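Geometric and topological summary
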Amino acid sequence: MAACGSCSWPYCGGTPATPSRPSASGHGIPFGIIFGGTDLNEDVNQREKNEVMGKVLEEARFAVAFTESMKETAQTQWPHARGKIYVQSQGVVTVPNAAFNWNTFLHRSGINQNADNLHIFLLVCGLRQVKDPLYLVDAFSEWHQEEPNVYMVIVGPEVDPVFTREVKAKVKGAAGVRLLGEMPQEDLHAALKNCFAVVNSSVSEGMSAAILEAMDLEVPVLARNIPGNAAVVKHEVTGLLFSDPQEFVQLAKRLVHDPALEKEIVANGREYVRRCHSWQAERDTYQNLVQNLEGSIRE
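Let us look at the structure shown here. (Residues numbered from 1 in each chain as written. Predicted model: local features only at pLDDT ≥ 70, side-chain atom pairs only at ≥ 80, totals over all residues. Heavy atoms only, no water.)

**Describing the sheet that holds strand S7 (residues 150-155)**
What the 6 strands build is an open sheet, ordered S8-S7-S6-S9-S10-S11; its pairing is parallel. Edge positions in the sheet fall to strand S8 (177-180) and strand S11 (240-242), since each has one partner strand and no second. When strand polarity is set aside, the average angle formed by the axes of neighbouring strands in this sheet is 25 degrees. The pairing of strand S6 (residues 119-124) with strand S9 (residues 197-200) spans 3 bridges and is parallel. Counterpart to phenylalanine 121 in the pairing with S9 is alanine 197. Taken strand by strand, helix H5 (residues 137-146) contacts S6, S7 and S8, and its axis lies near 150 degrees from that of S7. Taken strand by strand, helix H6 (residues 161-172) contacts S7 and S8, and its axis lies near 145 degrees from that of S8. (Pairing = 2+ DSSP bridges. Helix = DSSP H or I, 4+ residues; strand = E, 2+ residues; numbered from the N terminus. Axes fitted to C-alpha atoms, helices over the stretch in contact; angles between N-to-C directions. Contact = heavy atoms within 4.5 Å.)

Next comes the structure, spelled out in structure tokens:
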């Protein structure tokens, strides 16, 4: 099974999450695919990509969706694949770097205040339009001017060069908003653990790893109210869901000033990932699927 960018379609060529010519298709090589999110939420609406994915699914021995909702979407688009789509949520394991220095991180972000008095909101995403990292910038900047101890730091790789330039230009003039590039995973986990809350503002998601990692690290989550996020974040139970930038600010202020709410959300989120996003269960599912592929090769 080959991966391209953020998804696991067996494609060669193209950009991340953009279907191109199947590389395993037509060569008699048994393979399976994993729906990443953008494929089902965005690419299905483009005829050429939809057709390519349908052809790949015809030959795939199995397909994995993260949620029942994603499975239903795939079955509606490609009824012929109905019997080969499995549901397996993403497993989560976090490994924060013990040597990570939070003050150094803040300094790199251009935040030169006492860490004890700050509320840092981290938005972790690749810089591409579907992640919509600019969605909250104006509203957050206004809040920062009222309360100078709140900051939003956007962290992630420069996936789309043109859009990255737009993000950099916007953030440059936005008070209280900072932008950092991609970080090693262990450092990112340490940054998540140190921040006040993790933010997701995506237009669409399959299943956000950053949200699950934040829950595992006992950090509160504020996520845009879209199907992929609502599948893992139950409002006021495992996190907070917002529908527009103004509601985000209202909920963020509430979280800052209500320690009891923060404590409850964190405890519920940690229990949720422990119960529903076990990396051992995920490993077992994929081992079984790959063993079946290997069995079909021997036959």
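**What about H6?**
Given a rise of 1.5 Å per residue, 12 residues ought to cover 16 Å, and the 16 Å separating the end C-alpha atoms of H6 matches this to within 8%. What H6 keeps buried is the set Phe163, Thr164, Val167 and Val171. An end-on view of H6 places all buried positions within 105 degrees of arc, on one side of the element. Residues Pro161, Val162, Arg165, Ala169 and Lys172 are exposed on H6 and point more than 90 degrees away from its buried face. (Expected span 1.5 Å × (residues − 1). Buried < 20%, exposed > 50% of the residue type's maximum accessible area, 1.4 Å probe, protein only. Arc of directions from axis to C-beta.)

**As for helix H10 (residues 245-257)**
Between its first and last C-alpha atoms H10 spans 19 Å; for 13 residues at 1.5 Å apiece the expected length is 18 Å, and the two agree. All of the buried residues in H10 are Pro245, Phe248, Val249, Leu251, Ala252, Leu255 and Val256. Between the side-chain oxygen at the start of H10 and the backbone nitrogen of glutamine 246 there is a gap of 3.1 Å, and the oxygen is on aspartate 244. (Polar contact = N/O pair within 3.5 Å; in protein donor to acceptor, adjacent residues only side chain to side chain.)

**A closer look at a nonpolar patch on the surface**
Judged by side-chain polarity, Val93, Val95 and Trp279 come together as a nonpolar surface patch covering roughly 260 Å² of accessible area. Along the polypeptide, valine 95 turns up in the loop between strand S5 (85-87) and helix H4 (102-108). Residue classification places valine 95 among the partly exposed positions, given a relative accessible area of 36%. (Patch = residues over 30% accessible without salt bridge, like charges linked within 9 Å, V, L, I, M, F, W, Y side chains within 5 Å. Areas by Shrake-Rupley, 256 points an atom, 1.4 Å probe, with all protein chains shown as cover. Salt bridge = Lys/Arg side-chain N within 4 Å of Asp/Glu carboxyl O.)

**Some details on the sheet that holds strand S4 (residues 62-65)**
If you trace the 3 strands from one edge of the open sheet to the other, you get S3-S4-S5, paired in parallel fashion. A single partner strand is all that each edge strand has here, and the edge strands are strand S3 (32-34) and S5. Looking at each pair of strands side by side, their axes are set apart by 25 degrees on average, direction ignored. As paired strands, S3 and S4 are joined by 3 bridges and run parallel to one another.

**Describing the side chain of threonine 67**
If you trace the backbone, threonine 67 turns up in the loop between S4 and helix H3 (68-77). Judged by relative accessible area, threonine 67 falls into the buried class, the value being 13%. Not counting the four nearest positions on each side in its chain, threonine 67 is found in contact with Val87, Met207 and Ala231.

These values are about where atoms sit, not about what they do.
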